[in-house]
Amino acid sequence: MERISVFDAHCDTISRCWRDYEGLNHNAGMISLERIAGFGRYCQFFALWTADGFTGYPSGGDSVERAYHALLRCFKEQMVLNADKIIQCRTADEADQANKQKKAAAFLSVEGAELLGCDPARLDQAAADGVVAINLTWNHANALSGANCDEPERGLSPLGREFVAKMEDLHMLVDVSHLSEAGFWDVAELAQHPFIASHSNAKSVWDHTRNLTDGQINAIIKNQGVIGLNFYTEFVGRSRDLDAVRAHLDHILELGGAANVALGGDWDGCDTISDLPSIDRLPRLYEHLLRHGYKETVVQDLFYNNLMRVVR
């Protein structure tokens, strides 16, 4: 098998580097530049995330704003320190250029709009910082919407609707992973451009509040968006192995989502399945799918092409 290309929609590696004072080139986590050296092309969404009560979260009235800037500074520092191996990108064209130079492409996202104060006025600066995608919520409800496990019946507030509209004006990807189902349907109604669920699985396969219903999956397909398969054990299913991941993939494919499913490993943010303890083990999934009769074009779309389409 030739070296595979990988584009993954979600990791918490920058939060880990910030919290544990580790570097991106070499660390004890699931993603490092050393670990991805064997891939062909490699693109990765790096999320800026922290929350009150978690290690490293600043205290004080301006803690949220300071957390965003601290995480952003950590990301930018790692781009400078490793400029020979990775570069920040905003578009597919920039990623193509980075890959042609044998460099990884780093896309920036924000997980939980509270890091931006849930303030539409701060989106211009976030876009200038290179933020490409934003999860409207993490696990906590905020001023924009309820979350999947906190006020799940609450959809987008008027401020949330303004926030989504401003994101779309700035050509930023709205990310509905973690969002309440009510908020999801508000986004689906408002969206003029493809939106994504960067790290979510199929609820019909494993009934977890973080997974997507068939209706939600169909809405993302209709919108020409993308769903990133999540490898967190709690979201995958009882067997917690490659076959369980394949069951989620099969279900999305059965719903017509061959062009709408990608990787969204949730690396460095959770305990992933034992077959995929770190990103360098992804060839196991690639080979597993080929052994089970998947066309290589379908696997390549899953691993790289589908997510690349929505960042164009």
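Residues numbered from 1 in each chain as written. Predicted model: local features only at pLDDT ≥ 70, side-chain atom pairs only at ≥ 80, totals over all residues. Heavy atoms only, no water.

Caption draft 1: Looking closely at the packing of aromatic side chains. A complete count under the given rule lists 12 aromatic pairs for this structure. In this arrangement the basic side chain of Arg 41 is found over the ring face of Tyr 304, its NZ or CZ atom lying 4.0 Å from the centre. The side chain of Arg 122 reaches across the aromatic face of Tyr 68, ending 5.8 Å from its centre. (Phe/Tyr/Trp six-rings, centres within 6.5 Å; stacked < 30°, edge-to-face > 60°. Lys NZ or Arg CZ within 6 Å of the ring centre and 35° of its normal.)

Caption draft 2: Looking closely at the pattern of salt bridges. Evaluated as defined, the whole model comprises 10 salt bridges. Arg 16 is paired through a salt bridge with Glu 22; the nearest N and O atoms lie 3.0 Å apart. Asp 124 serves as the salt-bridge partner of Lys 166, at 2.9 Å between the closest nitrogen and oxygen. In this pair, Lys 166 is assigned in helix H5 (residues 158-169) and Asp 124 in helix H4 (residues 123-128), connecting sequence segments 42 residues apart. (Salt bridge = Lys/Arg side-chain N within 4 Å of Asp/Glu carboxyl O. Helix = DSSP H or I, 4+ residues; strand = E, 2+ residues; numbered from the N terminus.)

Caption draft 3: Structural detail: the side chain of His 199. Within the element layout of this structure, His 199 appears in the loop between strand E7 (196-197) and helix H7 (214-222). Here His 199 falls in the buried class, since its relative accessible area comes to 0%. Of note is the side chain of His 199, whose polar atom sits 3.2 Å from the side chain of Glu 111. Every residue in contact with His 199, bar those within four places of it in the chain, is listed here: His 10, Glu 111, Asn 135, Ser 177, His 178, Arg 210, Gly 228, Asn 230, Gly 264 and Asp 266. (Buried < 20%, exposed > 50% of the residue type's maximum accessible area, 1.4 Å probe, protein only. Polar contact = N/O pair within 3.5 Å; in protein donor to acceptor, adjacent residues only side chain to side chain. Contact = heavy atoms within 4.5 Å.)

Caption draft 4: Structural context of the environment of Arg 210. Secondary-structure assignment places Arg 210 in the loop between E7 and H7. Note: C-alpha distance between Arg 210 and Ser 278 (68 residues apart in sequence) is 22 Å. For Arg 210, the residues in contact, after removing those within four places along its chain, are Asn 139, Asn 148, Ser 177, His 178, His 199, Ser 200, Asn 230 and Phe 235.

Caption draft 5: Seen up close, the pairing of strand E8 (residues 226-229). Burial along E8 is two-sided: the residues Val 226 and Gly 228 and Ile 227 and Leu 229 are all buried. Where E7 meets E8, two bridges bridge the pair, whose relative direction is parallel. Note that in E8 the partner of Ala 197 across the bridge is Ile 227. In terms of strand pairing, E8 meets strand E9 (residues 261-263) through three bridges, oriented parallel. Looking at the pairing, Leu 229 lines up with Leu 263 of E9. (Pairing = 2+ DSSP bridges.)

Caption draft 6: Structural view of H7. Listing the buried residues of H7 in full gives Gln 216, Ile 217, Ala 219, Ile 220 and Ile 221. Each element contacted by the buried residues of H7 is listed here: helix H6 (181-190), E7, E8 and helix H9 (242-254). Just downstream of H7, Gln 224 is the residue with a positive phi angle, here 65°.

Caption draft 7: Fine view of the nonpolar core. The biggest cluster of nonpolar side chains holds 80 residues, and the ones touching the most others in it are Leu 48, Ile 134, Leu 136, Leu 282 and Phe 303. Sort the elements by how many residues they give to this core and helix H2 (residues 63-81) lands first, with eight residues. Not counting residues within four places of it along the chain, the set of residues in contact with Ile 134 comprises Val 110, Ala 113, Leu 116, Leu 123, Phe 163, Met 167, Met 172, Leu 173, Val 174 and Asp 175. By size, the runner-up hydrophobic cluster in this structure holds 21 residues, among which are Cys 89, Phe 107, Ile 196 and Val 226. (Core = buried A, V, L, I, M, F, W, Y, C linked by side-chain atoms within 4.5 Å.)

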